[in-house]
Structure formats: structure tokens, C-alpha cells
Amino acid sequence: MGGDQAMSATLYGLGVGPGDPELMTVKAWRLVSTAGVIAYLCANGGESTALEIARPFLPDSFKAIAIDMPMKVEREVGQAAYDSGCARIAELLEKGEDVVFLCEGDPFFYGSFMYVFERLAEKFNVAVVPGVTSLTAAAAELRQPLVGRDEVLKVLPATLPAETLQAELATAHAAAIIKVGRHFGKVKAVLAGLGLEGMAISHATRPDQTIQHVADIAADTLPYFTTIIVRRP
Ligand SMILES: C[S@@+](CC[C@H](N)C(=O)[O-])C[C@H]1O[C@@H](n2cnc3c(N)ncnc32)[C@H](O)[C@@H]1O
């Protein structure tokens, strides 16, 4: 194929939303259901959350690029997985084939697509298709507005040290704590120390969604796909 076709091929960084396939945008649905090549991350050779969300709309046949991401390893191993996955994507873009890269939630809200974007955006056409974030899905499922008027919302990864979480939460009107998983015990202790209440929502908008008061949870860990919403009374 000629260079012009390669230049016209597009990589789509596509947000598929937080879990309920009906929360995919019409644009995401159109691009997924007509895709020739679909790329996605899978953890430790297992399933891909983003692919599962998009499953009802997948075309009958497509080329799959599964980027296997070992989750509990050094940063360099993850970088190598992105390098080789992006090389496979680049090969098809160079042949003039569009590639749809599926991302859970929104691609640019703590999304893995940013690592693909930084590798390929200078050389190829890249379109970013926003998705419904887990943050807004969590608020909707909790039936709890996130912020209003002149309030400030903080998004805090639970991976931060306890002192940082404490300092940030001490001045927050409202906060969403993400990447909770095995950091739950630390987050619970920080919230209790500040006299703040939080609601933990796991797998928001999926059939196995759970909602609990943080203070009522005895376990030390929660699923990775958990967000804690904190709102100062
Ligand atoms: C790496 S971030 C990806 C966020 C995603 N790009 C988005 O737009 O929502 C992963 C974190 O988002 C939160 N998350 C993602 N999906 C969720 C869901 N369905 N329910 C609750 N939290 C979720 C969890 O805190 C999880 O640890």
C-alpha cells in the first residue's frame, strides 16, 4: 500500500465507559461495531475489562491486538509491553488499516491509552474518543452529586502515601479516591483520623456492583475497580 493510505489510517483511543455497555457513546458503538482491528490491554494473560464492556457490539470478525500487561512487576516490564504492542499497532497503521484501542472509562482520565498516545501520536493520525468516566458513574450510582457551586473536587490515587492523602483530604470539599484495591486499609485509617465518611463503590454500573459505607467494611482490601467518594457535610 502507498504512503498516502498509511497517512490516512487512524488510531482511535476509544473510551468504552465504566461497565454498562449502554454507557458507551454512540460514537464508541459505531467505531467498535465497524472495526477491522481492535487493540486492548489484558492483565497477566487474562481477560480485558474494556473488551468485555464492548463485547455486545463487537463485529463478527476482527483482528485482535491483545497487549498483555503484567500487573505486579517493575515499570520497565510494563514499558516493554507497551513498546511491543505499539509496534504491532504501528505495523497495521502503516499498511493503511485503522485501529480501535479500547479503554475502560475515558482514555485520558488515568487511562492506559496515554502510554500508547505518547508513543504513536507524533507519527500517526490519532483520535481520542472520550468516554463516561468511573468518577461520574460512581456519583450517579451513589445518587450523590460530586460537587457544586464553588466547591473543589480532588481526585486522589490511593497509592499516595498516607501523609499526602491526609493533607489533601484535610482541605477537600469533595474527593474521589481511586485505585483503592489493596490500599483500602490505609485509606480507611486516614478517613477515620480526619472524621470523614466515605462511600465505597466497586464495579460501578456492572452486574456485580457493590456499595458500602467505608466505616462498615472489615476487609483490608477491596477490588481494584473501587472508588471511594468523600464529601464534607
Ligand atoms: C487506572 S484508573 C482508570 C480510570 C478510567 N480510565 C476511567 O475513566 O474511569 C482505574 C481506577 O478507576 C476506578 N474505576 C474504574 N472503573 C470503575 C468502576 N466501574 N467502578 C468503580 N471504580 C472504577 C477505580 O478506582 C480504579 O482503580
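Before reading further, recall that the structure is shown in the block above.
Keep in mind that this is a model prediction, so the values were computed, not measured.

Visitor: Sorry if this is basic, but what is going on with the pattern of salt bridges here?
Guide: Oppositely charged side chains are able to pair whenever their charged atoms sit close together. All told, the structure shown has eight salt bridges when counted by the stated rule. Lysine 63 serves as the salt-bridge partner of glutamate 97, at 2.9 Å between the closest nitrogen and oxygen. A residue pair is termed long-range when its members are at least 10 positions apart, and glutamate 97 in the loop between helix H4 (75-94) and strand S4 (99-103) and lysine 63 in strand S3 (residues 63-69) qualify at 34 residues. Take lysine 63: its relative accessible area is 41%, and that puts it in the partly exposed class. In this structure, glutamate 104 engages arginine 206 in a salt bridge whose closest nitrogen and oxygen atoms are separated by 3.0 Å. Here arginine 206 lies in the loop between strand S8 (198-202) and strand S9 (210-213) and glutamate 104 lies in the loop between S4 and helix H5 (113-120), a separation of 102 residues in the sequence. Given a relative accessible area of 23%, glutamate 104 falls into the partly exposed group. Taking relative accessible area as the criterion, arginine 206 reaches 16% and is therefore assigned buried. Three or more residues are tied together by salt bridges with common partners; here these are Asp83, Glu118 and Arg119.

Analysis parameters
Along each chain, residue indices are assigned from 1 in the same order as the chain's sequence is written. Selection of residues for local features in this predicted model requires a pLDDT of at least 70, selection of side-chain atom pairs for listing and counting requires 80 or more, and totals for whole chains, interfaces and linings are taken over all residues. The basis for the side-chain values is all heavy atoms of the structure; hydrogens and waters are excluded. For salt bridges, the criterion is a side-chain nitrogen of Lys or Arg within 4 Å of an Asp or Glu carboxyl oxygen. Secondary structure elements are taken from DSSP: a helix is a run of H or I of four residues or more, a strand is a run of E of two residues or more, and numbering for both begins at the N terminus. Accessible area is worked out with a 1.4 Å probe on protein chains only. A residue is then buried under 20% of its type maximum, exposed over 50%, and partly exposed in between.

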